[in-house]
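Given next are the chains, with one letter for each unit.
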Amino acid sequence: MGKIIAFSNQKGGVGKTTTAINLAAYVAIAGRKVMLVDFDPQGNATSGYGIEKNMLQSTVYDVLMGYNTVNEVALKAVIPNLWILPSNSDLAGAEVDLVRMPARESTLKRALAPVKEDYDYIFIDCPPSLGLLTLNAMVACDSVIIPIQSEFFALEGVTQLLNTFKIVKQRLNPQIQINGVVLTMYDTRTTLSKQVTAEIYKYFSSKIYTVPVPRNIKLVESPSFGVPVVLHAPKSNGAMAYQALAKQFLEREEG
């Protein structure tokens, strides 16, 4: 049975897209069939897989509006078993267009329903905001992964995200769960990282993935080459972290 997992944090620059891109790659390498839905108008998950987002004839926006099906728009990625449902700036208009649609919060859920069972996992990379797009992702998904940067303001805004999560669970998607929290940009050399991590553990306890993702230049570089880190620098600390994270993810989901 296919599972849909949203990667969400309204705070930008926390490694959300990096986590979605690289976890999708390693889960696909582990033999699962995966689709990565780029649900951010910036289209960074799309370009992170070497897809020229401004040249696309159709995107996830066209799927949302009912002009195309998921299968018509999804593109095969450079990693076996992995497909990308691409995005570009057209998606920014969806916030306005969705307002006029009936049951607008469930538009993405309806669009993904025909293909949900075709994949082991569908990952949704959400925009860094709590607008109608993120709401659609939360209604469509079974669970949420929250990437949190190991820095002073890490928990700022997470309260708002959790409030939104709670409202969605109460009113729109009773089945939604928090899959887990991923600690990103972790620096073992700083006391601050350790202090912030202790604070996050107090807040989320067993929901936290025990593999923190370190600050790593290879993770930052790989999108500019249009590939996930496993193809750019498979022996780097960042690659090793996401490989271990994918293993822990699959144990959590399937163990």
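Scroll up to find the structure this text is about.
Residues numbered from 1 in each chain as written. Predicted model: local features only at pLDDT ≥ 70, side-chain atom pairs only at ≥ 80, totals over all residues. Heavy atoms only, no water.

Colleague: Please explain the pairing of strand β2 (residues 34–38) as it appears in this structure.
Modeller: Regular strands show a simple pattern: their side chains alternate between the two faces of the sheet. Summarising burial for β2: 5 of the 5 residues are buried, a large majority. Bridge count between β2 and strand β4 (residues 82–85): 4 bridges; the pairing is parallel. Bridging from a neighbouring strand, Met-35 pairs with Trp-83 of β4. Bridging between β2 and strand β5 (residues 121–125) involves 5 bridges; their strand directions are parallel. What sits directly across from Asp-38, in β5, is Asp-125. (Buried < 20%, exposed > 50% of the residue type's maximum accessible area, 1.4 Å probe, protein only. Helix = DSSP H or I, 4+ residues; strand = E, 2+ residues; numbered from the N terminus. Pairing = 2+ DSSP bridges.)

Colleague: Explain helix α1 (residues 16–29) to me, please; I cannot follow it from the model alone.
Modeller: Taking 1.5 Å per residue, 14 residues should reach 20 Å; α1 reaches 20 Å between its end C-alpha atoms and fits that length. Counting buried positions over the 14 residues of α1 gives 12, a clear majority of the element. The set of residues buried in α1 consists of Lys-16, Thr-17, Thr-19, Ala-20, Ile-21, Asn-22, Leu-23, Ala-24, Ala-25, Tyr-26, Val-27 and Ala-28. Immediately downstream of α1, the backbone of Gly-31 shows phi near 100°, a positive value. (Expected span 1.5 Å × (residues − 1).)

Colleague: Can you help me understand empty space enclosed by the protein in this one?
Modeller: Any space left empty among the atoms is revealed by the rolling of a water-sized probe across them. Evaluation of the coordinates by the stated rule reveals 1 cavity of 30 Å³ or more. When its volume is computed, the largest cavity comes out at roughly 30 Å³. For the largest cavity, the full set of lining residues is Thr-18, Ile-21, Asn-22, Gly-48, Leu-219, Ser-222, Pro-223 and Val-227. Looking at which element gives the most residues to the lining of the largest cavity, the answer is α1, with 3 residues. In terms of residue class, the lining of the largest cavity is made up of 4 nonpolar, 4 polar and no charged. (1 Å grid on protein atoms, 1.4 Å probe; cavity = no way out; pocket = protein on both sides within 12 Å on 5 of 7 lines; lining within 4 Å. Points joined across faces, edges and corners; volume = space filled by probe spheres on them. Nonpolar A, V, L, I, M, F, W, Y, C, P; charged D, E, K, R; others polar.)

Colleague: Looking at this structure, how should I read the packing of α1 against helix α12 (residues 237–254)?
Modeller: At a minimum axis separation of 9 Å, α1 and α12 run at an interaxial angle of 70°. Comparing their axes, α12 and α1 come out roughly perpendicular. Taken as a pair, α1 and α12 cross one another with a handedness that is right-handed. Along its contact with α1, which presents Thr-18, Thr-19, Asn-22, Leu-23, Tyr-26 and Val-27, the element α12 presents Ala-239, Tyr-242, Gln-243, Leu-245, Ala-246, Phe-249 and Leu-250. Tallied by class, residues from the contact of α1 with α12 come to 9 nonpolar, 4 polar and no charged. (Axes fitted to C-alpha atoms, helices over the stretch in contact; angles between N-to-C directions. Parallel < 35°, antiparallel > 145°, perpendicular 65-115°, else oblique. Left-handed = near helix turned anticlockwise from the far one by under 90°. Contact = heavy atoms within 4.5 Å.)

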